[in-house]
Amino acid sequence: MIIANRIDGRLIHGQVANLWATKLNITRFMVIDDEVAQSTIDKQGLKLATPAGVRLSVLPVAKAAENILAGRYDSQRLMVIAKKPDRFLELINQGVDLDVLNVGNMSQTDETKSITRSINVTDKDINDFKAIQQKGVKITAQMVPNDKAEDFMTLIKG
């Protein structure tokens, strides 16, 4: 069952691996990303970053949706992680129900504008977030479990 959904440009790293996994008692990380799923080097790095006792799946979005809908993770505590909101929008469009999407870290590039110290978005990202919200998903901004979760959509409008 899906316990948490997080956007994090770094995918699996200290905050996710240690703080979030421990706090939520996660038993499997699922990284959804078509490109990363095809990269042996990226997958190796993610394996190294995954804490002992936590399983890892790195899947294209369509395969992730198929596995979730087939009930393959029903007995596990799953944290779904992606770099960008479009991955989650595609997951939802494939039929996966999400309650809450937590936005952690989105890196700065030439095309992004800063929303918070650690979240930078493009116009496409904003449109994807709006589409996700229209599907009934609550979107929050929260770096670490001890931070207060903020309403992400009010940050975008701000």
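Note that the structure is a prediction, hence the values are computed from the model and not measured.

**Quick word on the overall build of the chain**
On a plain count of helices and strands, the chain comes out with 7 helices and 9 strands. Its C-alpha atoms give the chain a radius of gyration of 15 Å, near enough to 15 Å, the size a compact globule of 158 residues would have. With the C-alpha coordinates of the chain rotated into their principal frame, the extents come out at 40 × 30 × 30 Å. Put simply, the chain has 158 residues, and 49% of those count as buried. As displayed, the chain offers around 8,200 Å² of accessible surface, 47% of which is attributable to carbon and sulfur atoms. For the chain, the distance from the average position of its 21 positive side-chain charges to the average position of its 19 negative side-chain charges is 5 Å.

**Points about the environment of Arg117**
With respect to the helices and strands, Arg117 occurs in the loop between strand E6 (113-114) and strand E7 (120-121). Overall, Arg117 belongs to the exposed group, its relative accessible area being 84%. Distance in space between the C-alpha atoms of Arg117 and Met106 is 9.7 Å, their sequence separation being 11 residues.

**Digging into the packing of aromatic side chains**
For the structure shown, the criterion picks out 1 aromatic pair. Aromatic side chains Phe129 and Phe152 sit 4.5 Å apart centroid to centroid with 55° between the ring planes, which places their arrangement in the tilted category. Of this pair, Phe129 sits in helix H6 (residues 123-134) while Phe152 sits in helix H7 (residues 152-157); the two residues are 23 residues apart in sequence, bridging distant segments of the chain.

**Section: the sheet that holds strand E2 (residues 28-32)**
Strand order in the open sheet formed by 7 strands is E3-E2-E4-E1-E5-E8-E9, and the pairing between neighbours is mixed. Whereas interior strands pair on both sides, the edge strands pair on one side only; in this sheet they are strand E3 (55-59) and strand E9 (150-151). In terms of strand pairing, E2 meets E3 through 5 bridges, oriented parallel. By the bridge assignment for E3, Ile32 is matched with Leu59. In this fold helix H5 (residues 85-93) packs onto strand E1 (2-8), E2, strand E4 (78-82) and strand E5 (100-105), with an angle of close to 125° to the strand it touches most, E4.

**Comments concerning the packing of helix H4 (residues 61-69) against H5**
Interhelical geometry of H4 versus H5 gives an angle of 45° and a closest axis separation of 9 Å. Comparing their axes, H5 and H4 come out oblique. Between H4 and H5 lies a crossing of right-handed hand. Residues Val61, Ala62, Ala64, Ala65 and Ile68 of H4 form the contact with H5, whose own contacting residues are Arg87, Glu90 and Leu91. By residue class, the composition of the contact of H4 with H5 is 6 nonpolar, no polar and 2 charged.

**Here's the deal with the packing of H5 against H6**
Contact geometry for H5 and H6: axes closest at 9 Å, N-to-C directions at 30°. With respect to H6, the axis of H5 lies roughly parallel. Considering the relative orientation of H5 and H6, their crossing is left-handed. Note on element contacts: H6 touches H5 through Lys124, Asp125, Asp128, Phe129, Ala131 and Ile132, opposite Pro85, Asp86, Phe88, Leu89 and Ile92. Within the contact of H5 with H6, the residues separate by chemical class into 7 nonpolar, no polar and 4 charged.

**Concerning the side chain of Asp33**
If you trace the backbone, Asp33 turns up in the loop between E2 and helix H2 (34-37). With a relative accessible area of 1%, Asp33 lands in the buried category. A polar atom in the side chain of Asp33 sits 3.0 Å from the backbone nitrogen of Glu35. Excluding anything up to four places from it in sequence, Asp33 contacts Leu59, Pro60, Val61, Lys83 and Arg87.

Analysis parameters
- Per chain, residue numbering runs from 1 following the sequence as it is written.
- Only residues with pLDDT of at least 70 are given local features in this predicted model, and only at 80 or more are side-chain atom pairs given and counted; all residues enter the totals for whole chains, interfaces and linings.
- Working from all heavy atoms in the structure, the side-chain values ignore hydrogens and water.
- Comment: elements are numbered from the N terminus, with helices defined as DSSP H or I runs of at least four residues and strands as E runs of at least two.
- Computation of the radius of gyration draws on C-alpha atoms alone. For the globule rule, the value is 2.2 Å times the number of residues to the power 0.38.
- When accessible area is computed with a 1.4 Å probe and restricted to protein chains, residues below 20% of their type maximum are described as buried, those above 50% as exposed, and intermediate ones as partly exposed.
- Here, Shrake-Rupley sampling with a 1.4 Å probe gives the accessible areas, and only protein chains in the shown set may cover a residue.
- Positive charges come from Lys and Arg alone, negative charges from Asp and Glu alone, with His and the N- and C-terminal ends not counted.
- One atom stands in for each charge, and that atom is NZ of Lys, CZ of Arg, CG of Asp or CD of Glu.
- Pairing of aromatic side chains here covers Phe, Tyr and the six-membered ring of Trp, requires ring centres within 6.5 Å, and sorts the geometry by plane angle: under 30 degrees stacked, over 60 edge-to-face, intermediate tilted.
- Between any two strands, at least two bridges found by DSSP are needed for them to pair.
- Any two residues whose heavy atoms approach within 4.5 Å at even a single point are treated as in contact.
- Each axis is a line fitted through C-alpha atoms, and for a helix only the stretch in contact is used; angles between axes span 0 to 180 degrees, taken between their N-to-C directions.
- Any angle that falls under 35 degrees is termed roughly parallel, while one over 145 is termed roughly antiparallel, one within 65 to 115 roughly perpendicular, and all others oblique.
- Handedness of a crossing follows from how the near helix is turned relative to the far one, being left-handed for an anticlockwise turn of less than a right angle and right-handed for a clockwise one.
- All residues other than Ala, Val, Leu, Ile, Met, Phe, Trp, Tyr, Cys, Pro, Asp, Glu, Lys and Arg, Gly among them, are scored as polar; the first ten of these are nonpolar and the last four charged.
- Throughout this description, a polar contact denotes any pair of N or O atoms lying within 3.5 Å of each other; where both atoms belong to protein, one of them has to be capable of donating a hydrogen while the other can accept it, and for residues adjacent in sequence the pair is counted only when both atoms sit in side chains.

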